[in-house]
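What the coordinates show
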Amino acid sequence: MILSSPMPALSLPAAGAPIQLSRRAKAAVVVRLLLNEGADIPLEDLPEELQSHLTKAMGQMRTVDRDTLSAVVSEFAEEVERIGLRFPGGIAGALNALEGKISPQTAERLRKEAGVRQAGDPWKRIRDMGADKLLPVLQSESIEVCAVVMSKLEVKKAAALLGLLPGPRARQITYAVSLTGSVTTDAVERIGLSLAMQLNAQPLGAFDTGPVERVGAILNSSTSVTRDDVLEGLDETDQGFANAVRKAIFTFANIPQRIAPRDIPRVLREVDPADLLIAMAGAEAAGMKVSADFILENMSGRMADSLREEMQETAAPKPADHDTATSNMVAAIRKLEAEGELILMAEEEE
């Protein structure tokens with residue numbers, strides 16, 4: 001930012017008797033003019049000392065005549081025009097400028113070597129994290145910290161996470177939220193920074209997910225014949241891994257066990273009506289009538305009656321078409337889960 005480099009002393013003619021301004025005062029004039037014009041100036045990027053000097057300079061000034069204002073603006077414009085290219089200051093600025101352009105592993109290594117933390121609002125990064133990362137925090141951190149976390153999350157995500165906690169702990173955290181009125185802004189920021197550093201400190205692997213999740217995602221998008229064949233082969237090779245993959249897999253048949261009845265209307269809003277009709281029409285032939293009945297029971301009565309009529313008038317879909325339709329429905333559900341709009345329930349052990 002040009003204001004971070006103090007402007008040279010301004011030499012004004014004596015004819016109009018313009019005000020002689022210091023470099024800090026000239027910076028204050030430029031900032032005030034830009035703010036009057038509605039410009040969004042990232043003053044928070046300046047060092048605290050410069051922010052303090054600028055604020056004090058603005059507080060000491062009252063009025064500036066037009067000749068002085070014109071001279072300051074002209075000098076500032078000349079300074080800007082002479083700048084050809086500006087680089088971000090320090091390794092932290094460089095990493096922020098290159099975010100998304102270099103690998104996360106390289107960025108994390110350079111950040112640790114330079115001893116700088118990731119810039120930006122730590123709570124934004126925490127809110128963007130999935131339930132699988134946030135749930136362990138609510139299970140292990142103090143009740144007071146958990147209350148702050150719940151207060152900073154979106155209401156839907158906080159409610160979903162609260163439902164995954166044991167009853168006694170959920171009640172303790174809920175009560176603690178009522179006591180957060182006196183928590184200072186500094187304390188909330190420190191908690192956010194600490195949690196973000198802990199969560200980001202987890203070693204970065206070559207893959208974003210574990211082998212169970214990767215195989216489960218692949219089989220989710222496979223046809224039922226391929227999925228059953230692969231699982232049968234995994235049973236022979238490593239039954240423990242095969243069982244873990246089965247738990248990671250989510251298909252149309254798992255809807256009654258993994259989705260809460262109240263979430264069915266939300267899911268249906270994201271599903272293509274053509275996919276819904278084919279999936280429901282072919283459910284009984286595919287051995288998934290329980291899932292179809294569950295969906296019909298938890299949608300509005302008017303919509304359910306209309307869908308039943310369409311199912312009766314629709315010819316039985318081909319198995320391949322039914323697989324495609326159910327896969328599209330599963331993809332829509334997974335998308336809601338990834339966005340934090342839906343949390344799949346854990347399937348009960350036999």
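Predicted model only: the values in this text are computed from it and were never measured.

**Thoughts on the confidence of the model for the protein**
For the protein, the average pLDDT comes to 81, and 83% of its residues sit at 70 or higher. Of all the helices and strands in the protein, helix H4 (residues 90-97) carries the lowest mean pLDDT, 66, while helix H18 (residues 289-297) carries the highest, 95. Confidence over residues 5-17 falls short of pLDDT 50; this stretch has 23 contacts with residues more than four positions distant or in other chains.

**Things to note about a negative patch on the surface**
A grouping of Asp 228, Asp 229, Glu 232 and Glu 236 is seen on the molecular surface, where their side chains present a negatively charged patch. Of note, Glu 236 is situated in helix H13 (residues 224-237). Under the relative-accessibility criterion, Glu 236 is labelled exposed at 68%.

**Quick notes on the side chain of Thr 251**
Residue placement: Thr 251 occurs in the loop between helix H14 (239-248) and helix H15 (255-258). With sequence-adjacent residues up to four places away left out, Thr 251 is seen in contact with Asn 220, Arg 227 and Val 330.

**Looking at the nonpolar core**
Core analysis: the biggest nonpolar cluster contains 29 residues, and Phe 252, Ile 255, Ile 259, Met 280, Ile 295 and Ile 333 have the highest contact counts within it. Those elements that provide at least two residues to this core are helix H16 (264-270), helix H17 (273-281), H18, helix H19 (301-313) and helix H20 (319-338). If you tally residues by element for this core, the top one is H20, at 6 residues. Beyond its immediate stretch of four places on either side in the chain, Met 280 contacts Phe 252, Ala 292, Ile 295, Leu 296, Leu 307 and Met 311. Within the second largest apolar cluster, 25 residues are counted, among which are Leu 135, Ala 170, Ile 173 and Ala 176.

**As for the pattern of salt bridges**
Side-chain pairing between opposite charges can occur once the charged atoms of the two side chains come close. By the definition in use, this model includes 10 salt bridges. The closest approach of N and O atoms between Arg 266 and Asp 263, which form a salt bridge, is 3.7 Å. Between Asp 293 and Lys 289 there is a salt bridge; the shortest N-O distance is 2.8 Å. Remark: Lys 289 and Asp 293 occur in helix H18; sequence separation between them is 4 residues, near one turn of the helix. Assessed through its relative accessible area of 27%, Asp 293 is described here as partly exposed.

Conventions and cut-offs
- Residues numbered from 1 in each chain as written.
- Predicted model: local features only at pLDDT ≥ 70, side-chain atom pairs only at ≥ 80, totals over all residues.
- Heavy atoms only, no water.
- pLDDT = per-residue confidence, 0-100.
- Helix = DSSP H or I, 4+ residues; strand = E, 2+ residues; numbered from the N terminus.
- Contact = heavy atoms within 4.5 Å.
- Patch = residues over 30% accessible without salt bridge, like charges linked within 9 Å, V, L, I, M, F, W, Y side chains within 5 Å.
- Areas by Shrake-Rupley, 256 points an atom, 1.4 Å probe, with all protein chains shown as cover.
- Salt bridge = Lys/Arg side-chain N within 4 Å of Asp/Glu carboxyl O.
- Lys, Arg positive; Asp, Glu negative; His and termini not counted.
- Charge placed at Lys NZ, Arg CZ, Asp CG, Glu CD.
- Buried < 20%, exposed > 50% of the residue type's maximum accessible area, 1.4 Å probe, protein only.
- Core = buried A, V, L, I, M, F, W, Y, C linked by side-chain atoms within 4.5 Å.

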